[in-house]
Number of protein chains: 2
Amino acid sequence: MVRPGGRSARVQEAVHAAVRELEAESGREALTVPQIAARAGVTPSTIYRRWGDLRELLSDVAVERLRPEVPPENRGGLEADLEAWAEQFLDEMSSPPGRAYIRDALLGDPDGSNAGQCSAYAADQIDVILGRAAERGEPVPDVERVLDGVVAPMMYRILFRPGLLDPAYARRLVDDLLG
Amino acid sequence: MVRPGGRSARVQEAVHAAVRELEAESGREALTVPQIAARAGVTPSTIYRRWGDLRELLSDVAVERLRPEVPPENRGGLEADLEAWAEQFLDEMSSPPGRAYIRDALLGDPDGSNAGQCSAYAADQIDVILGRAAERGEPVPDVERVLDGVVAPMMYRILFRPGLLDPAYARRLVDDLLG
DNA sequence: ACCTTAAAGCAAACATGTTGCGTCAAGCGT
DNA sequence: ACGCTTGACGCAACATGTTTGCTTTAAGGT
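Analysis parameters
Residues numbered from 1 in each chain as written. Chains lettered and ligands numbered in written order. Predicted model: local features only at pLDDT ≥ 70, side-chain atom pairs only at ≥ 80, totals over all residues. Heavy atoms only, no water. Helix = DSSP H or I, 4+ residues; strand = E, 2+ residues; numbered from the N terminus. Buried < 20%, exposed > 50% of the residue type's maximum accessible area, 1.4 Å probe, protein only. Areas by Shrake-Rupley, 256 points an atom, 1.4 Å probe, with all protein chains shown as cover. Lys, Arg positive; Asp, Glu negative; His and termini not counted. Charge placed at Lys NZ, Arg CZ, Asp CG, Glu CD. UniProt positions renumbered as here; feature names shortened; annotations may be inferred. Expected span 1.5 Å × (residues − 1). Core = buried A, V, L, I, M, F, W, Y, C linked by side-chain atoms within 4.5 Å. Contact = heavy atoms within 4.5 Å. Disulfide = S-S within 2.5 Å. Least-squares fit on C-alpha atoms with pLDDT ≥ 70 in both. Domains from an automatic or database assignment. Phe/Tyr/Trp six-rings, centres within 6.5 Å; stacked < 30°, edge-to-face > 60°. Lys NZ or Arg CZ within 6 Å of the ring centre and 35° of its normal. Buried area = accessible area lost by both parts, 1.4 Å probe. Salt bridge = Lys/Arg side-chain N within 4 Å of Asp/Glu carboxyl O. Polar contact = N/O pair within 3.5 Å; in protein donor to acceptor, adjacent residues only side chain to side chain.

Novice: Talk me through the overall build of chain A; I want residue IDs and the actual numbers.
Specialist: The helix and strand inventory of chain A stands at 9 helices and 0 strands. What you see in chain A, going N to C, is helices and strands ordered as α-α-α-α-α-α-α-α-α. Its C-alpha atoms give chain A principal-axis dimensions of roughly 55 × 35 × 30 Å. The buried share among the 179 residues of chain A stands at 44%. Working note: accessible area of chain A is about 8800 Å², and carbon and sulfur atoms make up 50% of it. Where the 21 positive side-chain charges of chain A centre and where its 30 negative ones centre are 7 Å apart.

Put into structure tokens, the structure is as follows:
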């Protein structure tokens, strides 16, 4: 049972904070459960019991970091909005830390919802953009089409073809979709 | 130095075989380095020194299993060829073992070439299909377009949106691309 | 046949992951 | 407000996995 505001919640936050701190200090590869536990002021067994293993914990933390913090910028038109969003998305996700978070998010339980959350965040952002365009009376594509035509190709390159990324790629995908 | 045909090669093959056997017998999650080493008749330290850790080893093995064994079926026309290939690809890759291999392949060294190989295999298969179509005089899209329009969306769903897959999806992607 | 050297074996030191059991505190009923 | 119930945590012993220095083996070159 997770009791919000209680000890459980404090421990969870302390552990997540410890992961973020140690990741920043010593790098992604150096993380170990005992180290994280020590920094968070808990015993390793607490972490093992709650998360199972390091992968699940990192997956948890990664998903939090992938959550967008602000709604997508409003530039006044569907194409401009989508292009700006896609460019920023590609930029953030293709950076070394961005890629690490994506990989971590994919690592958790295959049937867990972490990877799904990741996609849902993107879908939400796109939904906002499309909603605004619809209010303006512009013709809008389906969210699914944007995921297939813009998000998926960018993710595919990030994951499977490192090094083949330039900022114009995001714009090209949006243009192809809307044109 | 890797001496083909020498002891190194024998050890590598023994270890890979051990991974495949144990994976089939005891399941993906139960694999450990000492267990694999015992089955392969080598010491754990050999595996650690050659591959670094279990992830790299599994990544290696996974890439091998993802290599297509036969050229894509020839059905006499570009659209039919691509549809058949995409459908089979989706079917294989979205199965539980297929997804496990993809995840393993992605897990290796981020700057290693394992994930890239994975994409290269698909590109090769597509290249064969497009080459045959070109010989027939059909107009053919770029390999890149097929990767972006067909492979990437399928992979995206497999990785990030489990459960949203039906066989017709592959055909729809091909139709949208060629139509 | 003899060197050279990369790779493998071995074993001990080390770190990490696991588990049983006692304790603690959050939420709940009285 | 008080005590009860129950999940989560700490602790410590244990099991398992990982790393490392050194030795031995065998492939390939001379």
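Novice: Explain the UniProt feature "DNA-binding region" (unreviewed entry) in chain A to me, using residue names and the numbers behind them.
Specialist: Here, UniProt's "DNA-binding region" (unreviewed entry) annotation points to residues 32-51 of chain A. Note that residues 32-51 of chain A is 80% helix and 0% strand, and that its end C-alpha atoms are spaced 13 Å apart.

Novice: Quick one: what's the story with helix α6 (residues 96-107) of chain B, residue by residue and with numbers?
Specialist: Structurally, the α-helix is built with 3.6 residues per turn, so residues lying three or four positions apart point the same way. Residue and element names in this part refer to chain B. With 12 residues, α6 should reach 16 Å at 1.5 Å per residue; the first-to-last C-alpha distance of 17 Å fits that figure. For α6, the tally of buried residues reaches 10 of 12 residues, placing the bulk of the element in the interior. For α6, the complete set of buried residues consists of G98, R99, A100, Y101, I102, R103, D104, A105, L106 and L107.

Novice: Which residues make up the nonpolar core, and what values go with them?
Specialist: The biggest cluster of nonpolar side chains holds 78 residues, and the ones touching the most others in it are M154 and F160 of chain A together with M154 and F160 of chain B. Setting aside residues up to four positions removed in sequence, M154 of chain B forms contacts with A86, F89, L90, Y169, A170 and L173 of chain B.

Novice: Describe the state of the cysteines, and please don't skip the residues or the numbers.
Specialist: Taken as a whole and assessed by the stated rule, the structure comprises 0 disulfides over all chains. Left without a disulfide partner, C118 of chain A is nearest to the cysteine sulfur of C118 of chain B, which lies 19 Å away. Using a relative accessible area of 8% as the deciding quantity, one classes C118 of chain B as buried.

Novice: Residue-level account of the relation of the copies chain A and chain B, with values.
Specialist: Between chain A and chain B, the superposition needs a rotation of 180 degrees and an axial shift of 0.1 Å, giving an RMSD of 0.1 Å. The superposition operator between the copies reduces to a two-fold rotation axis. For chain A, the residue whose C-alpha comes nearest the rotation axis is A152 of chain A, separated from it by 2.7 Å.

Novice: Hey, could you go over the domain arrangement of chain A for me, with residue numbers and the actual values?
Specialist: Domains assigned within chain A are domain 1 (7-52) and domain 2 (70-178). Spacing between the C-alpha centres of domain 1 of chain A and domain 2 of chain A amounts to 30 Å.

Novice: A description of the packing of aromatic side chains should follow, citing residues and the corresponding values.
Specialist: Ring pairs (aromatic) are described by centroid distance and by the angle formed between their planes. Residues and elements named next belong to chain A. Under the counting rule described, the total for this entry stands at 4 aromatic pairs over all chains. A ring pair is formed by Y156 and F160, whose centres lie 4.9 Å apart and whose planes are at 35 degrees; its orientation type is tilted. Within this pair, Y156 and its partner F160 are both found in helix α8 (residues 143-160), separated by 4 residues, close to a single helical turn. Per residue, the accessibility class of Y156 equals that of F160, and both read buried. Between R50 and the ring centre of W51, over which it is positioned, the NZ or CZ distance is 5.2 Å. Lying across the ring of Y169, R157 places its NZ or CZ 4.0 Å from the centre.

Novice: Explain the interface of chain A and chain B residue by residue, including any values.
Specialist: Taken together, the 31 residues of chain A in the interface contact 29 residues of chain B. Note on chain A versus chain B: buried area summed over both sides is about 2800 Å², and carbon and sulfur give 50% of it. The largest contributions to the chain A side of the interface with chain B come from R103, Y156 and F160 of chain A, which together make up 26% of the buried area. Linking chain A with chain B are 10 salt bridges, by the criterion used here.

Novice: If you had to explain the side chain of R161 of chain B to someone new, which residues and values would you point to?
Specialist: Along the chain, R161 of chain B falls in the loop between α8 (143-160) and α9 (167-178). A distance of 3.0 Å separates the side chain of R161 of chain B from the side chain of E144 of chain A, its partner in a polar contact. Those residues in contact with R161 of chain B, other than ones at most four positions away along the chain, are S119, E144 and L147 of chain A together with Y156 of chain B.

Novice: Describe in detail the environment of P162 of chain B, supporting the description with residues and values.
Specialist: Residues and elements named next belong to chain B. The residue P162 is located in the loop between α8 and α9 in this model. With relative accessibility at 36%, the residue P162 sits in the partly exposed group. Between the C-alpha atoms of P162 and S94, which are 68 residues apart in sequence, the distance is 8.4 Å. When sequence neighbours within four positions are dropped, the list of residues in contact with P162 reads R99 and R157.

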